[in-house]
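Single-letter residue listing:
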Amino acid sequence: VLAIAVSPRGEFLATGNAEGVLRIQKRSTRVDLARFEDFEGPVTGVEFSPDGKHVAASSIGHQLIVIETHGYREKYSLVTPAISVEKQGKVFEGLITALTWLAAARTAQLGAAPGRVYVPTGGDHQFPELRCSVLFSADGKNFAFMRSSYKWPGRYSLEVYETETGKKISKIRDVKPVMAFSPKGHRIAVSTADAVVTLNARTGAMISRYPK
């Protein structure tokens, strides 16, 4: 399991795993309510909307699916064609091998924090650097999707979408995989290589930078 989320009222549990499967369960019984198995690569981001009406799940295959919890139906899917199908297959095959290695490495490094375990992906990239994550704003109207870059390892782009329609609002390139919405959802803070930057969530325009 690479990603986990609990519904706002604590009734349901959503998990994403290295095999590209999203499971939604009743937390008290662990009975599966729904399974989604058509993700492009391992599922590394899962989040319930604040009102509990949606679940968003993202994968390393640059795919994000938004699901309605009423009936557990897929509402829409966002996929980027940034990488060919043939190359995707090679990337995912290598990634699964890396994740298998990671499990063995964790057995030998139980005292280490997860962020300090290195995965042999062709470079010295830490495991969290592989993540594509998702985060809802506090009002649930928007969500942020952080995509990793195949072309530039360690670089990410932050995209903000409308929850109801899936319409892209803004996109910010060359950030790190750390993000947080302001309480009202109008701003979003992200980390870069050397600073924390606050952005307008709708336009992507920079509001502040620390340190300057």
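Predicted model only: the values in this text are computed from it and were never measured. (Residues numbered from 1 in each chain as written. Predicted model: local features only at pLDDT ≥ 70, side-chain atom pairs only at ≥ 80, totals over all residues. Heavy atoms only, no water.)

(A) Seen up close, the overall build of the chain. Along the backbone of the chain there are one helix and 18 strands. Each of the 212 residues in the chain was classed as buried or not, and the buried ones make up 46%. For the chain, the share of sequence-separated contacts (at least 6 apart) that also reach a separation of at least 24 residues comes to 36%. As presented, the chain carries roughly 11,400 Å² of accessible surface, and 53% of it is formed by carbon and sulfur atoms. (Helix = DSSP H or I, 4+ residues; strand = E, 2+ residues; numbered from the N terminus. Buried < 20%, exposed > 50% of the residue type's maximum accessible area, 1.4 Å probe, protein only. Contact = heavy atoms within 4.5 Å. Areas by Shrake-Rupley, 256 points an atom, 1.4 Å probe, with all protein chains shown as cover.)

(B) Here's a closer look at the pairing of strand β5 (residues 43-48). Judged by how many residues are buried, β5 sits mostly within the fold: five of six residues are covered. In this sheet, strand β6 (residues 54-59) lies alongside β5 in antiparallel orientation, the contact comprising five bridges. Residue V43 lies in a different strand from β6, and its bridge partner there is S59. As consecutive antiparallel partners, β5 and β6 are separated by five residues, and within that stretch G52 has a phi angle of approximately 75°, a positive value. (Pairing = 2+ DSSP bridges.)

(C) Fine view of the nonpolar core. In this structure, A14, L22, I24, F36, F39 and V46 are the most contacted members of the largest nonpolar core, which totals 16 residues. When residues of this core are traced back to their parent elements, those giving at least two are β1 (3-6), β3 (22-26), β4 (31-36), β5, β6 and β7 (63-68). Element by element, the count of residues in this core is highest for β5, at three residues. Once you skip the residues sitting within four places of it in the chain, L22 turns out to touch A14, T15, A34, R35, F36, F39, V46, A57 and I67. M146, I172, M179 and L199 belong to the second largest nonpolar core, which has 13 residues in total. (Core = buried A, V, L, I, M, F, W, Y, C linked by side-chain atoms within 4.5 Å.)

(D) View of the environment of L13. If you trace the backbone, L13 turns up in strand β2 (residues 12-16). Residue classification places L13 among the buried positions, given a relative accessible area of 8%. Separated by 18 residues in sequence, L13 and V31 have C-alpha atoms that sit 9.9 Å apart. Every residue in contact with L13, bar those within four places of it in the chain, is listed here: I4, A5, V6, R23, I24, Q25, R30 and F48.

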